[in-house]
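Structure at a glance
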Amino acid sequence: MPRRTFPLALALAALLAVPAFAAPDGGAEPAAAPEAAPALASPDEVKAAIEAYKDNWKAKGLKGEERLAQRDWAMQQLVAIQHPDVVDELAKVLKGSDENLRIAAAVHLSEQTALPVLAGKKIAEAIQRNKNDSNFLMAALDSLGRLKFLGATEVIEDMLRHPDFSVKKAAIEAVGATGDMRLILPMLKLVQIDPDRDPPAARGKNSGQSESDGEGYSWEGAEANVDTGSAGDADQKAAEKQAKEQAAKNEAEAKAQNGGADSGGGKPNKPGKGGGGRSIQELIHPIKKALGALTGEEFDSPATVHAWLVEHKEDIAARIKELADVEKDQAKTEKEAVAAAK
């Protein structure tokens, strides 16, 4: 039986890839065409892949790290097949008790790019179940961004309010990666930028507020040396190594939040309680990057961001309305593909 392709996926990918407000540039080179969506596997292919996966998952005779590595490798082999049944198998791991395998499953699910809605929903549900596991949350948010899943707006907004700054930054990166303009204002409120209030500079000078609530922090000097939630190198190294690197980065970031100690009183998967004392300065770099992805613009201060938001208020509203249609199209396209795979 031949593999099945997506008739609408290419058009959706093209729409999602274009910054909403990028200024036209006649001299610029045209953007590269998006890659075609992967094909779904045939029933025979997926049946064979799942049988092999279940056998590999048993990890006969192995214990400890070797058992863990074998099961991670089993998932790596399985996700080479794009199919709803593959997503379902990895979703079972997301519900498992092993925290490392949960992270690995979230990373591997990001490779189910033919099924961003199905995979994205499973990851979003897992985020809701694991709100105290910062390492998992960073990996899961990164996967939502890689899938460009538009159905996780509320989940990502919730993570923007997470007490762990590492999770906040991962959520900000997910905003940019998914291109979800619906989250631009919740994201910017993290650094006190709100188009319905006075500009930041005016608040600092005229309202008696500290300048740290306006332009007192450096927009240009933001640090960019912390990686929060990157699930692996761009060259798509082996997923086993990718997952291990992800876990190591996440744990290091969580520890950094508490001055080098394990967060949550020595439990590395619990967010630290001191997150509120972190400086919003460290959110500036990921926010600038996300803003660039959403708008196609570069900003040099909170005041210029505020001015842009006011000027483009109607455009933002139109883009948000458009995104609702894109989200529906994304779901409809995938539903058709899933039906065809049965």
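Residues numbered from 1 in each chain as written. Predicted model: local features only at pLDDT ≥ 70, side-chain atom pairs only at ≥ 80, totals over all residues. Heavy atoms only, no water.

1. Quick notes on the overall build of the chain
Looking only at helices and strands, the chain has 16 helices and zero strands in total. In the chain, which comprises 342 residues, the share counted as buried stands at 46%. On the chain, roughly 16,500 Å² of surface is accessible, and the fraction owed to carbon and sulfur atoms is 51%. (Helix = DSSP H or I, 4+ residues; strand = E, 2+ residues; numbered from the N terminus. Buried < 20%, exposed > 50% of the residue type's maximum accessible area, 1.4 Å probe, protein only. Areas by Shrake-Rupley, 256 points an atom, 1.4 Å probe, with all protein chains shown as cover.)

2. Observations concerning the nonpolar core
Across soluble globular proteins, nonpolar side chains have a tendency to be buried as a group. Residues Ile127 and Leu141 are the most contacted members of the largest nonpolar core, which totals 80 residues. When residues in this core are grouped by element, the largest group, eight residues, is from helix 7 (residues 134–147). Not counting the four nearest positions on each side in its chain, leucine 141 is found in contact with Ile127, Ile156, Met159, Val167, Ala170, Ala171 and Ala174. (Core = buried A, V, L, I, M, F, W, Y, C linked by side-chain atoms within 4.5 Å. Contact = heavy atoms within 4.5 Å.)

3. Quick look at unusual backbone geometry
Positive phi values are uncommon outside glycine, yet alanine 59 reaches one of about 50 degrees. Position of alanine 59 relative to the elements: it lies in the loop between helix 2 (43–57) and helix 3 (64–78). Note on alanine 59: relative accessible area 4%, which makes it buried. Phi at glutamine 192 is positive, roughly 60 degrees, even though this residue is not glycine.

4. Regarding the confidence of the model for the chain
Across the chain, pLDDT averages 78, with 67% of residues at or above 70. Every residue in residues 257–276 scores below 50 in pLDDT, and together they form 41 contacts with partners more than four places removed in sequence or on other chains. (pLDDT = per-residue confidence, 0-100.)

5. Observations regarding the packing of aromatic side chains
Tallied over the entire structure, the rule returns two aromatic pairs. Aromatic side chains phenylalanine 299 and tryptophan 308 sit 5.9 Å apart centroid to centroid with 80 degrees between the ring planes, which places their arrangement in the edge-to-face category. Tryptophan 308 matches phenylalanine 299 in its accessibility class, with the two residues each being buried. (Phe/Tyr/Trp six-rings, centres within 6.5 Å; stacked < 30°, edge-to-face > 60°.)

6. Comments concerning the packing of helix 5 (residues 99–109) against helix 7
The relative placement of two packed helices comes down to the angle between their axes together with the axis-to-axis distance. With their axes 8 Å apart at the nearest point, helix 5 and helix 7 run at an angle of 10 degrees to one another. The angle between the axes of helix 5 and helix 7 places the two elements in the roughly parallel class. Of the residues in helix 7, those in contact with Arg102, Ile103, Ala106, Val107 and Leu109 of helix 5 are Asn135, Phe136, Ala139, Ala140, Ser143 and Leu147. Looking at the contact of helix 5 with helix 7 residue by residue, the classes come out as eight nonpolar, two polar and one charged. (Axes fitted to C-alpha atoms, helices over the stretch in contact; angles between N-to-C directions. Parallel < 35°, antiparallel > 145°, perpendicular 65-115°, else oblique. Nonpolar A, V, L, I, M, F, W, Y, C, P; charged D, E, K, R; others polar.)

7. Examining the pattern of salt bridges
Tallying each qualifying case throughout the model produces ten salt bridges. Across the pair lysine 131 and aspartate 158 runs a salt bridge, and its minimum N-O distance is 3.0 Å. Within this pair, whereas lysine 131 is found in the loop between helix 6 (116–129) and helix 7, its partner aspartate 158 is found in helix 8 (residues 153–160), the two being separated by 27 residues in sequence. A relative accessible area of 34% means that lysine 131 is categorised as partly exposed. One salt bridge in this structure joins lysine 169 and glutamate 282, with 3.3 Å as the shortest N-O distance. (Salt bridge = Lys/Arg side-chain N within 4 Å of Asp/Glu carboxyl O.)

8. Notes on helix 8
Listing the buried residues of helix 8 in full gives Thr153, Val155, Ile156, Met159 and Leu160. End-on view of helix 8: buried residues confined to an arc of 165 degrees, all on one side of the axis. In this structure, the buried side of helix 8 is in contact with helix 6, helix 7, helix 9 (165–178) and helix 10 (184–188). (Arc of directions from axis to C-beta.)

9. Here's the deal with helix 16 (residues 313–341)
Taking 1.5 Å as the rise per residue, helix 16 with 29 residues should run 42 Å; its terminal C-alpha atoms sit 42 Å apart, in good agreement. Along helix 16, the residues classified as buried are Ile316, Arg319, Leu323, Val326, Gln330, Thr333, Glu334, Ala337, Val338 and Ala341. (Expected span 1.5 Å × (residues − 1).)

10. Brief notes about the environment of alanine 52
Inspection of the secondary structure puts alanine 52 in helix 2. Alanine 52 gets classed as partly exposed once you look at its relative accessible area, which sits at 38%. The spatial distance from the C-alpha of alanine 52 to the C-alpha of leucine 78 is 8.2 Å, given a sequence separation of 26 residues.

11. Description of the environment of glutamine 82
With respect to the helices and strands, the residue glutamine 82 is situated in the loop between helix 3 and helix 4 (84–94). Sequence-wise, glutamine 82 and valine 46 are 36 residues apart; in three dimensions their C-alpha atoms are separated by 8.2 Å. Not counting residues within four places of it along the chain, the set of residues in contact with glutamine 82 comprises Pro38, Ala39, Leu40, Ala41, Glu111, Gln112, Thr113, Ala114 and Leu115. A polar contact is formed between the side chain of glutamine 82 and the backbone nitrogen of threonine 113, at a distance of 3.3 Å. (Polar contact = N/O pair within 3.5 Å; in protein donor to acceptor, adjacent residues only side chain to side chain.)

12. So, the packing of helix 3 against helix 5
Close contact between helix 3 and helix 5 brings their axes to 10 Å; oriented N to C, the two are set at 20 degrees. Overall, the two elements helix 3 and helix 5 adopt an arrangement that is roughly parallel. For the pair helix 3 and helix 5, the crossing hand works out as right-handed. Facing Leu68, Arg71, Asp72, Met75 and Gln76 of helix 3, the residues of helix 5 in contact are Asn100, Leu101, Ala104, Ala105 and His108. Residue composition of the contact of helix 3 with helix 5, grouped by class: five nonpolar, three polar and two charged. (Left-handed = near helix turned anticlockwise from the far one by under 90°.)

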